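Residue-level structural notes
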Amino acid sequence: MGSLLRKISIKYPSFAEYWRTNRRSPQNRRIFCRDAEHGDFHCANAECLSSYYSVFVARLAIMAMLAILIGLLTLLTWHFTKVYTNKSLETLAYGLRYELLQRPILRMWNIFNSTVEITTAQVKLSEFLIKKYGKPVNQAEQVELYQAMKDVTWALFASHKALKSITMNYKNGFVQAFHRDHRSNNTFYIYSDLVNYSISGSYDMNMLSAHRGWNDQSVHNNISAIWFREPLDPLTGEKTGKAMPIPPDDLINIAGISQVPDGVASWHVAVSKYSDSPLLSAALPVLDSSKQKSIVAVVGVTTALYSVGQLMKELVEFHTGHIYLTSREGWLLSTSTDTPLLMNSTTGPKLMMAADSEDVVIRSGAKLLQKSYGSDTPANHTVHIKDAKLGNQLYYIDSFILNLRRLPMVGVIIIPRKYIMGKVDRKAKKTLVILISASLSVLVTGCVFIFILTNGVSKEMKLRAELISHLDARRKAEASSNYKSQFLANMSHELRTPMAAVIGLLDILMCDDCLTNEQYSTITQIRRCSTALLRLLNNILDLSKVESGKLVLELAEFNLEQELEGLVDMFSVQCINHKVEIFLDLSDDIPKLIQGDSGRVVQIFANLISNSIKFTTSGYIVLRGWCQNPNTSRNARQSSFAQTNSISPNKTHDENFYKKDNRLILCFEVDDTGCGIDPSKWESVFESFEQADPSTTRLHGGTGLGLCIVRTLVNQMGGEIKFVNKSGPGSLMQLYLLLRAPIDGTTEHYKLNFPEHNLTVLLALGGKMGRLIMSSWLQQHGISTYEACDWNELTSILQELFQDGSYIQNLPNHSSIAEKHNTGDTRTSTFIIVIDIVLLNLSTGIWKEQISFLDRYRGRAKFAWILNHDTSSNIKKELSKKGHLLMVNRPLYKTKMIQIIESAIRDSELQTKINPLISTVVDREMHECLEMGPIQSEGKLEGNHNTSDGFEKNSSKPFLSPYAAVNNCFVELTEVHSDKNDLRRREQDQRGTSNDIQCLTSSNTRGSQTSLQGLRILLAEDTPVLQRVATIMLEKLGAEVVAVGDGLQVVNALHFVPKPDKYQEDSPQADENPGSQTEESCFSTYDLILMDCQMPKMDGYEATKAIRRSEIGTTWHIPIVALTAHAMSSDEAKCLEVGMDAYLTKPIDRKLMVSTILSLTRRTTI
Amino acid sequence: MAAVIQLQRQLLDYTTSLYNEAYLDGQFTQLQQLQDESNPDFVVEVVSLFFEDSQRLLDDLTATLNQQVVDFKRVDAHVHQLKGSSSSIGAQRVQRACIVFRNYCEQQNTEGCLKCLQQVKNEYYLVKNKLETLFKLEQQLVAAGGSIPMQ
């Protein structure tokens, strides 16, 4: 089969080529795929198309293969079946033919034999008779001899029915013959007239030889001789009729002396006039018994070959075909047909050649034989011709030779092929047809199957091509997204630098004293816009950072509550314009300190709240928060808000995990009364650049980035954010964050023990929501509350509580109102009235009267005022004039309330226990602190610092209150606060307002040109240009700068400060504290290090690490500020990781640098 | 006096053109602001520092890049320095060229680096010429007895 295939492939080189290419093509494709990973895919389509074609070709090729295979199989089957059948049949047929021919030949042989026997017998008898009678001397004796001869001859003739005739020809010319006519069934005796013959014939040899010609002539041509024919009874031999004279040779051939010239027997085929078949005649001489052995008579016997023909006919009748015998020369002796064997000619009947036979088949067969073998027949004369075409039919022709002496004969048998092979041929044809049809059907089904199968393959190929193109598309998309991130990362620096420049220049401009008010306000506006733009840029950068996975959350402790309060404070300023109130409602179970990325947490809420503000025109915004620590059950109050739809992480499952890892789940809700969001958009608003309603961009502005950032941040903190259904107007957003509690486990919540102070609070607040929140919180802590929503209600409650004058007298000994509520302990009861400034009628002058009305209750209750940010200063003055010193800015939240209560308690305690004078002093100072708002802060910076310091001293020391930190939230908004950790610059950037103020103040500071006065700064920078610029910049600000070129020098400068020579070389001012040579003092020689990150010899990171290492074990921590040209947060993270305190980007922004340096140095100096 | 005024205008125009054509940016302005009585030649000083430094760096870069095996780390460090110093004096076109240069550096693309080096050199010489012209103008102005106008 293999060789067959090879043959085919040689035969069809193109096909083989196809085959090979097809087999190679998948490999090619695979290689192509691999290449395609790197290269371009432009030729993918072409490849797809070509693969399509190759599938087509492969399909065709397989079909052709199948066709060839099946065809060959069919042919082979047919061939083998046919050939073997034919061969065996042919052998059989050959035997049959041989047998058939053998039988007539045998018959012929028999005839010959019998003829010869009779002849011999006749001769022997004749010899005997002639000897017996001796030499006849007279006629009588002669007649007697002839009579005896006649009797003997008759006996022989009668005994052999097949004999045609027996003749005796005597030397003297006398002829005796018996003749049998088979057709008429007559038997005749023929004799010549005895008269004409002399008795004394010369019997000597000489005479014989001399007269031979004569004798012969006498037999045949002796006209004078008269022959008589005597009919005889065939059985008895009796004479039945009269002898009739007949001409000699008329009837029979008389064998003469000429036929036996040499005295031996001879035979030949003869014809007779009266017989239609050739005759076999044998002749034998009768010899004289004397010594001369002369011939005395010749005996001739003729036999008709009729019986042979008869036999042939029988045979042929049974089988079909033709048989004939010829002499060697070709004379026809006998045939199986009835056609005449003799041909009439002028000289009488003559033997005919087989080629002249009247039978068409025999004639043409003979002709064919003659033609193919010509005269020179094969030696043995055996010929087999297969498939000879005679006429319209095919025949088998076989000839055999019968080699008789003197009469060799040839037998030919012609059998039609149909007779032997007819059925086989028909069967073969049928088989062929069946085979062909079967193979055709197999081929068709095979092709169909191939089509179906390869169809699947081609489909797969198509799919694969599609997959490749999809992969390509995906790769492209990924690449483009990568490009985007890269672009953004590259742009971050480029974008921020000009923005920083713009803002910085604006700051410079604002410091200018010669600006008109209009110019100033315009510049302020520009600055605000720039800040907004910067914020937007930061947003986009945040997003790209998150997307590129570069956002790293830091893990630091921070005070969540404080951060959120700061946030709410900040936004409350914005809310005033919108007539929206903002509330913070944090549950007490939130730990004070939390580990996490405070900047990001604040960013989340800043985004959410600003979003809410944007879409809320009236009403309120509430930020609720509670802790969902698995081991502390949730507060009942909060759960009532959020039970229906709260996001609850898989609590039971993760319980152990959270416990072990100190993790907290903090849940928050941002609830507003804005326009709300359609539930169908709840998911899509978290996509970037997506807004619930595209038209809002026109109305509210914004890019739709906020929520996207929020969600990514929340997700990064392991939380989740979603909108939930809200019954009222507006939207309610829930989120939870996974944050860590501090590792040391100081998560104890401060326990308030207000109940022992026996407090009563009257909340006279305009906003209903705030009032509700506050009162419920107070009640939770065991403080009884009253609520009033407007002035009238307030007065009525007041009047109800302090009904009459009698109560006034009671007041110093503590009120009856306390008795009302706290039956047991009346001693420490305190009444606090929290009044919203909006309750006063400020539009007219009535408010003054209202204040004086309240004045009546001053002694009995503590007043705390909630001010608006824009509350005019004369109202404040008026209030403080009246002695209402406890003023806080809106909004009111837990810490502020605690502060109010604290101060009230303290106040009352001081009043009762200590000298009232002192108390007023404390009060005054404290009040001043409390009433501080961002608006008043301008121009009072120094004072502010003092007061805040003073406040801290005065308030925190005597009470050691856990709320000392609360101060921050008051002061934070007003200045660059020393306690504020300025690492969170970015966070402050986002607090637009606070930043504004901060920059204002810092530029104020800068106005004096000496904001860094007295600071010693070590500058490490390798680029001389930068080094020079930074040095001048810092010196201009009043700082003393020592510049070094690499990190190694930094480390050395710090370590070898004690060595005066080197030290002086670097900075002449170093003598300032020459005395202190201790380890600590050597660090203290510099207040700060500005460190470039990339420097030769030792880079900034290494240097910082070295410095921090050397600080281990000391109490010192020298602030190190990184200077880097990279602006990615990963760099920042790296900087902070190695121990740097802050991070500045090049080119140096002066403002930022100053504030950073100040914040860091202040911390260490204070 | 007229000559002084003309010189002043010329200087102003020239400076403005430098800004407009983005040879310089705000950082240069800041430098100028830092210059006062205590540091009368501050700008010139810094800029000549920049020239010296840059020339050194450029020479170094040329040498490094022409080596058989290019030490890209070194090239990158140099370019980074050049970028830092150029941004500090406000030669922003040099700075930009440096940024492109660094990208090629990261890809370790020698050809691109060489091309960029040429670019950086071009920009550097351009800005050098411009600044020198600027200083010359200023000197002329000072010599004529005028004061240098501030932006």
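All values derive from a computational prediction rather than experimental measurement.

Scoring rules and cut-offs
Residues numbered from 1 in each chain as written. Chains lettered and ligands numbered in written order. Predicted model: local features only at pLDDT ≥ 70, side-chain atom pairs only at ≥ 80, totals over all residues. Heavy atoms only, no water. UniProt positions renumbered as here; feature names shortened; annotations may be inferred. Helix = DSSP H or I, 4+ residues; strand = E, 2+ residues; numbered from the N terminus. Buried < 20%, exposed > 50% of the residue type's maximum accessible area, 1.4 Å probe, protein only. Contact = heavy atoms within 4.5 Å. Buried area = accessible area lost by both parts, 1.4 Å probe. Salt bridge = Lys/Arg side-chain N within 4 Å of Asp/Glu carboxyl O. Polar contact = N/O pair within 3.5 Å; in protein donor to acceptor, adjacent residues only side chain to side chain. Nonpolar A, V, L, I, M, F, W, Y, C, P; charged D, E, K, R; others polar. Phe/Tyr/Trp six-rings, centres within 6.5 Å; stacked < 30°, edge-to-face > 60°. Lys NZ or Arg CZ within 6 Å of the ring centre and 35° of its normal.

Our focus in this paragraph is the UniProt feature "modified residue: Phosphohistidine" (unreviewed entry) in chain B. Residue and element names in this part refer to chain B. UniProt marks His80 with the feature "modified residue: Phosphohistidine" (unreviewed entry), using the numbering shown here. Mapped onto the fold, His80 is located in helix α4 (residues 72-89). Classification of His80 by relative accessible area gives buried; the value is 6%.

This brings us to the environment of Asn110 of chain A. Structurally, Asn110 of chain A can be placed in helix α3 (residues 44-133). Separated by 198 residues in sequence, Asn110 of chain A and Val308 of chain A place their C-alpha atoms 9.9 Å apart.

Facing the 21 residues of chain A at the interface are 26 residues of chain B. It is Val1025, Arg1028 and Lys1036 of chain A that lose the most area in chain A upon contact with chain B, and together they represent 25% of the buried surface on that side. For the interface between chain A and chain B, the tally reads zero salt bridges. Our count for the contact surface shared by chain A and chain B stands at zero residue pairs in polar contact (both at pLDDT 80 or more). For the side of chain A that touches chain B, the secondary structure elements donating two or more residues are α9 (417-511) and α29 (1024-1036) of chain A. The dominant element in the side of chain A that touches chain B, judged by the number of residues it contributes, is α29 of chain A, at eight residues. Here the side of chain A that touches chain B is built from residues that sort into 11 nonpolar, five polar and five charged.

Take the packing of aromatic side chains next. All names here are of chain A. Across all of its chains, the model carries 13 aromatic pairs over all chains by this definition. Arranged with centres 6.1 Å apart and planes meeting at 40°, the rings of Trp154 and Phe157 form a pair that is tilted. Residue Trp154 and its partner Phe157 are located together in helix α4 (residues 139-159), separated by three residues, close to a single helical turn. Trp154 gets classed as buried once you look at its relative accessible area, which sits at 12%. Exposure remark for Phe157: the relative accessible area of 0% places this residue in the buried category. Taking the centre distance of 5.2 Å and the plane angle of 45° together, the rings of Trp154 and Phe178 count as tilted. Pair noted here: Trp154 is in helix α4 and Phe178 is in strand β2 (residues 175-181), with a separation of 24 residues, a long-range link. Exposure class is identical for Trp154 and Phe178. Each is buried. The rings of Trp154, Phe157, Phe178 and Tyr189 are connected pair by pair, giving a single aromatic cluster. Seen from the ring of Tyr189, Lys150 lies directly overhead, with NZ or CZ sitting 4.3 Å from the centre.

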